[in-house]
Amino acid sequence: MAAEVDSASQGSGVRLKQEISLLHGVCLIVGNMIGSGIFVSPKGVLMYTGSFGLSLVVWAIGGIFSVFGALCYAELGTTIRKSGASYAYILEAFGGLLAFVRLWTSLLIVEPACQAVIALTFSTYLVQPFFSTCPAPYVAVRLLAAVIICVLTYVNCMKVKWGAILQVISTVAKVLALIVIIITGLVKLGQGFDQNFEDSFKGSKLDPGNMALALYAALYSYSGWDTLNFITEEIKNPERNLPLSIAISMPIVTVIYILTNIAYYVVMDAESVLASDAVAVTFADEVLGWGRWLIPLSVAISCYGGLNSSIIAASRLFFVGSREGHLPSVLCMIHVERFTPIPALLFNGGMSLIYLSVPDVFQLINYFSFNYWLFIGLSIASQIYLRIKAPDLHRPVKLSLFFPIVYCLCSVFLVVVPLYSDTINSLVGIAVALSGVPVYYLCIHLPPSSRPAFLGAMLDHISLYTQKLCVCCVTSPGIDLDNLDPEKIE
């Protein structure tokens, strides 16, 4: 198979077309960052901080921390112009083993667990309005979450471009919901409803363990600032547009999040926030009267679009890993007519369904946050490492080392402290990461002649039956799934 060759390419290989402008880049970052998190995380942040005042401080720290990370990624993204974000940077600096473990944890825990959280948020916001006086039924929420994962997996298996209209509708829905919440909260505040902010730091939990878990919850809402680094090869003039997109979008999202939380706290006391599984629904029930249906509907549409984006992003990660030889060919196949990565999508969907069995959504967040921040910190450490090992490398954007050093120290805090405060979930994350080491040794490090014979035979059988069942074939690793021209397919 072949895809259109970018005329600007100086090599002979296929590369992705550069079609993402500055405006598109800002919209992508804002659209991906503002997702299900702001509608689910306020409860988690308040639960671990113990007070409104400290929770707002944590939200502000989360924003500043994310700005530091995004700035570091601006340098990395313009220096190492490869798609794949942290996977590509770890591979470039530290080699195949750590990069593979990063990819391994993404496949097994980070991506599917994150998608499970979004699906559960979607189903909770749809079901909760029908049970205004009691919690939504556990089984109903899980079944609806499973249905939406299956539906979107099917949709993406059928046709990749179908999601474009969905993303526009999703972005409008979440922005509309947040505008309604913020304006309503500010109006209430202007009317003198500020009693919830009296002695706002009373009951604060200042121990490092709870602070780290509170940051996990807040930073889940901020995740998505590395969106453009997954598709660096598709950005027009990335030396200019990548850092500018980050500089414009990050302050916008941080201000929106802080204002949204202030609005929640104006209307609801701490007990109401902690008792609610759908904070925005409780907010709407309190103040919006007949218009309260608008919030759960908007949040559900937002989560629907966010889940679709996450599923597409996961399939792109499979392809980047395949290009480096870190994944079996079965996960890099596309349908011979629809050109969609059906095996990768089915694997990802199956893993997400498994994570729906975890009873607590914040436990899910803690599951994948440990691995996520471990490898984000490692990718920022690669920036420091490359400054030392390759000082003459062309860097269109060059930051002071103050930024990556501070970020790495904060990442160490986020990774080490939960080992004491949330030991079980942290050990699960460590076990998943370490399980990738023998897999790397057997399947990638050893030469093909030294690998276990049964392993090759098993993968061959899986590959053969997958091709027959899914009508798929192995494709060029650098192919652009979103811009395929059927007339150019051989």
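The rules behind these values
- Residues numbered from 1 in each chain as written.
- Predicted model: local features only at pLDDT ≥ 70, side-chain atom pairs only at ≥ 80, totals over all residues.
- Heavy atoms only, no water.
- Core = buried A, V, L, I, M, F, W, Y, C linked by side-chain atoms within 4.5 Å.
- Buried < 20%, exposed > 50% of the residue type's maximum accessible area, 1.4 Å probe, protein only.
- Helix = DSSP H or I, 4+ residues; strand = E, 2+ residues; numbered from the N terminus.
- Polar contact = N/O pair within 3.5 Å; in protein donor to acceptor, adjacent residues only side chain to side chain.
- Phe/Tyr/Trp six-rings, centres within 6.5 Å; stacked < 30°, edge-to-face > 60°.
- Lys NZ or Arg CZ within 6 Å of the ring centre and 35° of its normal.
- Contact = heavy atoms within 4.5 Å.
- Patch = residues over 30% accessible without salt bridge, like charges linked within 9 Å, V, L, I, M, F, W, Y side chains within 5 Å.
- Areas by Shrake-Rupley, 256 points an atom, 1.4 Å probe, with all protein chains shown as cover.
- Salt bridge = Lys/Arg side-chain N within 4 Å of Asp/Glu carboxyl O.
- Expected span 1.5 Å × (residues − 1).
- Arc of directions from axis to C-beta.

Draft legend 1. Fine view of the nonpolar core. By size, the foremost hydrophobic cluster in this structure holds 136 residues, and its most contacted members are F39, W225, I295, L364, F368 and W373. The leading source of residues in this core is helix α5 (residues 96-127), at 16 residues.

Draft legend 2. Structural detail: the environment of V412. Examined against the element boundaries, V412 turns out to sit in helix α15 (residues 402-416). For V412, a relative accessible area of 48% puts it in the partly exposed group.

Draft legend 3. Quick peek at the side chain of K43. Within the element layout of this structure, K43 appears in helix α2 (residues 37-49). Judged by its relative accessible area of 14%, K43 is buried. Among the polar contacts made by the side chain of K43, one reaches the main-chain carbonyl oxygen of L274 at a distance of 3.4 Å.

Draft legend 4. Representation of the packing of aromatic side chains. Applying the stated criterion across every chain, the model contains 20 aromatic pairs. Centroid distance F122 to Y304: 6.2 Å. Interplanar angle 40 degrees. Geometry classified as tilted. Placement of F122 in helix α5 and of Y304 in helix α12 (residues 294-323) is noted, with a sequence separation of 182 residues between them. Y304 carries the same exposure label as F122, and that label is buried. With a centroid separation of 5.7 Å and 75 degrees between ring planes, the pair formed by F402 and F403 is classed as edge-to-face. Residue classification places F403 among the partly exposed positions, given a relative accessible area of 21%. Put simply, the rings of F65, Y73, Y89, W225, Y372, W373 and Y407 touch in pairs and so form one group of aromatic residues. We note K188 situated over the ring of F193; from NZ or CZ to the ring centre the distance is 4.7 Å.

Draft legend 5. Geometry of the environment of S463. Of note, S463 is situated in helix α18 (residues 453-470). What makes S463 buried here is its relative accessible area of 10%. In this structure the C-alpha to C-alpha distance between S463 and M333, which are 130 residues apart in sequence, comes to 9.1 Å. If sequence neighbours within four positions are ignored, S463 has contacts with S329, V330 and M333.

Draft legend 6. The arrangement of a nonpolar patch on the surface in detail. Together, V175, I179, I183 and V187 make up an exposed nonpolar region whose accessible area comes to about 320 Å². Structurally, the position occupied by I179 is in helix α7 (residues 163-190).

Draft legend 7. Local environment of the pattern of salt bridges. Per the counting criterion, the structure on display carries three salt bridges. Salt-bridge contacts for E75 lead to R387; the nearest nitrogen and oxygen are separated by 2.8 Å. Of the two residues, E75 is situated in helix α3 (residues 52-79) and R387 in helix α14 (residues 361-389); the sequence distance between them amounts to 312 residues. Residue E75 is classed as buried on the basis of its relative accessible area of 2%. D285 is paired through a salt bridge with R292; the nearest N and O atoms lie 3.7 Å apart. A residue is classified by how much of its surface remains accessible, and R292, at 42% relative accessible area, is partly exposed. Three or more residues are tied together by salt bridges with common partners; here these are E75, R387 and R395.

Draft legend 8. Looking closely at α18. Taking 1.5 Å per residue, 18 residues should reach 26 Å; α18 reaches 26 Å between its end C-alpha atoms and fits that length. Residues L455, S463, T466 and C470 constitute the buried set of α18. All buried residues of α18 fall inside an arc of 70 degrees around its axis, so they share one side. Residues of α18 that are exposed and point more than 90 degrees away from the buried face comprise A453, F454, D460 and K468. For α18, the secondary structure elements touched by its buried residues are β1 (333-335), α13 (342-355), α17 (423-445) and β2 (472-474). A positive phi of about 50 degrees marks V471, the residue just after α18.

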